[in-house]
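Listed here are the chains, written in short residue letters.
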Amino acid sequence: MKRFRHLLQIARDGFDDMAPALRRAFNDDPLDDNLSQVFGARPRLRIIMLTLAAIVVGLVANRLVAEMGLPGLVNWPAAFVCIAFALAVRRYLFQSGAATHQDFVWLVAPIIPATALLVFLSLGFSLVDSGIETLEDAPFWAYLGGIAKWLADGSEVAAGIAIAFAALCYSENWIAALRTLAWRLLALQIVLAVLLYIMLEISIMERILSALVDAIFGFRLPPWMGEFVDQLTYAAILFVLYFAIIGATWTVCRKAFPELLETGEVDIIETVRRLVDPEIEKREQKQAEKAVRKAEKKQQKADKKAAKAARKDGG
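As the structure is a computational prediction, the values presented were derived from the model and not from experiment.

### Describing the overall build of the protein chain
- Looking only at helices and strands, the protein chain features 12 helices and zero strands.
- The long-range fraction of contacts in the protein chain, counting pairs at least 24 apart against all pairs at least 6 apart in sequence, stands at 76%.
- Accessible surface computed for the protein chain: about 19100 Å², of which carbon and sulfur atoms make up 63%.

In structure tokens:
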């Protein structure tokens, strides 16, 4: 519960800072941004065209992957949107020489509408492909569990774009950024797959709730009730996790933007991971302290051995 509250706080802090910043970025004043240097003349029209072109190419890639029988591990429309916008932003950051500490908000703002569109597309395709999950023998209102799960799965797109776009823009070494991003997103997918298996396949919350009700009240819940609780729990965990990732990414990127302009390299994913999971530093500190104690004991044994050898030689 403590970690859950921590994630909620991260999400709230990030979105509280994001809202006024984005209102300023999307205003009608052309003098408070430098979009024309990033996207060329008539930048807003070019942003719309870039968004639509990247999504269309991504949809074609999705179709080709499906026809070849390959696993659909990558959301190609989201991937192409990230790459297209990252290339434009990187050129401004690392080649134009015009970037300043005040540029963060308006540089990030153009990908927000593209992200929203991709989330709606993802939800729409999911609805067409598999529909809303229903529970057998459940009342009508139990559809809320399936809707919550559907919305939670769709929010993954927004979190993935946030962390991917940040990682690609916050490293001057493009190849290294792509490689690191691929490995860490794969690790995140594995973690989420395990969570999905535990929550929905093993039905752990259903088992816990059924056992508690049976022990306290002496009757068993209908099967759909446990599955409904599993859906809501799964959706709540994913919502909090994804919104915490988005909020943490915004917070970290905004604070680290001056460092990026000075050094050309910020490990955004690792910094976000540490913000989302503060226990990492505690574990590393404990490991460091353990290593120090181990080294001290080893040194003490070596000193005793040396002293013993010296006494033997002196005798």
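### Structural notes on the side chain of Thr-115
- Topologically, Thr-115 is positioned in helix H6 (residues 111-130).
- We classify Thr-115 as buried; its relative accessible area is 11%.
- With near-sequence residues (within four places) excluded, Thr-115 lies in contact with Ala-158 and Ile-161.

### Considerations on the packing of aromatic side chains
- All chains considered together, the criterion is met by 10 aromatic pairs.
- Between the aromatic rings of Trp-76 and Phe-80, the centroid separation amounts to 6.0 Å while the plane-to-plane angle is 40°, which identifies the pairing as tilted. In this pair, Trp-76 and Phe-80 both sit in helix H4 (residues 76-94), four residues apart, roughly one turn of the helix.
- Residue Trp-76 is classed as partly exposed on the basis of its relative accessible area, which comes to 29%.

### Digging into helix H3 (residues 43-67)
- Taking 1.5 Å as the rise per residue, H3 with 25 residues should run 36 Å; its terminal C-alpha atoms sit 36 Å apart, in good agreement.
- Buried residues of H3: Pro-43, Ile-47, Thr-51, Ala-54, Ile-55, Gly-58, Ala-61 and Val-65, and no others.
- Residues of H3 that are buried make contact with helix H2 (35-39), H4 and H6.

### Some details on the pattern of salt bridges
- By the definition in use, this model includes three salt bridges.
- The partner of Glu-67 in a salt bridge is Arg-63, with the nearest N and O atoms 3.2 Å apart. Of the two residues, Glu-67 and Arg-63 are both situated in helix H3; the distance of four residues between them amounts to about one turn of the helix.
- Under the relative-accessibility criterion, Glu-67 is labelled exposed at 56%.
- Of the residues examined, Arg-63 reaches a relative accessible area of 58% and is grouped as exposed.
- The closest approach of N and O atoms between Lys-149 and Asp-153, which form a salt bridge, is 3.4 Å. Of this pair, Lys-149 and Asp-153 both sit in helix H7 (residues 143-169), four residues apart, roughly one helical turn.
- Take Lys-149: its relative accessible area is 16%, and that puts it in the buried class.
- Judged by its relative accessible area of 27%, Asp-153 is partly exposed.

### Observations regarding the environment of Val-89
- On the secondary structure map, Val-89 appears in helix H4.
- Looking at Val-89, the relative accessible area reads 4%, which means it is buried.
- Measuring from C-alpha to C-alpha, the distance between Val-89 and Phe-165 comes to 9.8 Å, with 76 residues separating the pair along the chain.
- When residues no more than four places from it in sequence are discounted, the contact partners of Val-89 are Val-38, Leu-107, Phe-165 and Cys-169.

### Details of the nonpolar core
- Val-81, Phe-85, Phe-104, Leu-107, Phe-165, Tyr-170 and Ile-268 are the most contacted members of the largest nonpolar core, which has 68 residues in total.
- Counting residues per element, this core draws most heavily on helix H10 (residues 223-263), which supplies 15 residues.
- When neighbours within four sequence positions are excluded, Val-81 is seen to be in contact with Thr-51, Ala-54, Ile-55, Ile-111, Ala-114 and Leu-118.

### A word on the state of the cysteines
- Tallied over the full model, the rule gives zero disulfides.
- Free of any disulfide, Cys-82 has its nearest cysteine sulfur in Cys-169, 8.7 Å distant.
- Looking at the unpaired Cys-169, the closest cysteine sulfur is the one in Cys-253, lying at 8.4 Å.

### A look at the packing of H4 against H7
- It is the contact of H4 with H7, at a shortest axis distance of 9 Å, that shows an interaxial angle of 30°. Accordingly, the angle class assigned to the pair H4 and H7 is roughly parallel. H7 is crossed by H4, and the crossing has right-handed handedness. In contact with Ala-78, Cys-82, Ile-83, Phe-85, Ala-86, Val-89, Arg-90, Leu-93 and Phe-94 of H4, H7 contributes Val-157, Ile-161, Ala-164, Phe-165, Leu-168 and Cys-169.

### Considering the environment of Arg-46
- Structurally, Arg-46 can be placed in helix H3.
- Arg-46 sits in the partly exposed class, given a relative accessible area of 44%.
- The spatial distance from the C-alpha of Arg-46 to the C-alpha of Ser-36 is 9.6 Å, given a sequence separation of 10 residues.
- Setting aside its immediate chain neighbours within four residues, Arg-46 contacts Phe-39, Gly-40 and Ala-41.
- At 3.4 Å, the side chain of Arg-46 and the backbone oxygen of Phe-39 are in polar contact.

Rules and cut-offs
Residues numbered from 1 in each chain as written. Predicted model: local features only at pLDDT ≥ 70, side-chain atom pairs only at ≥ 80, totals over all residues. Heavy atoms only, no water. Helix = DSSP H or I, 4+ residues; strand = E, 2+ residues; numbered from the N terminus. Contact = heavy atoms within 4.5 Å. Areas by Shrake-Rupley, 256 points an atom, 1.4 Å probe, with all protein chains shown as cover. Buried < 20%, exposed > 50% of the residue type's maximum accessible area, 1.4 Å probe, protein only. Phe/Tyr/Trp six-rings, centres within 6.5 Å; stacked < 30°, edge-to-face > 60°. Expected span 1.5 Å × (residues − 1). Salt bridge = Lys/Arg side-chain N within 4 Å of Asp/Glu carboxyl O. Core = buried A, V, L, I, M, F, W, Y, C linked by side-chain atoms within 4.5 Å. Disulfide = S-S within 2.5 Å. Axes fitted to C-alpha atoms, helices over the stretch in contact; angles between N-to-C directions. Parallel < 35°, antiparallel > 145°, perpendicular 65-115°, else oblique. Left-handed = near helix turned anticlockwise from the far one by under 90°. Polar contact = N/O pair within 3.5 Å; in protein donor to acceptor, adjacent residues only side chain to side chain.

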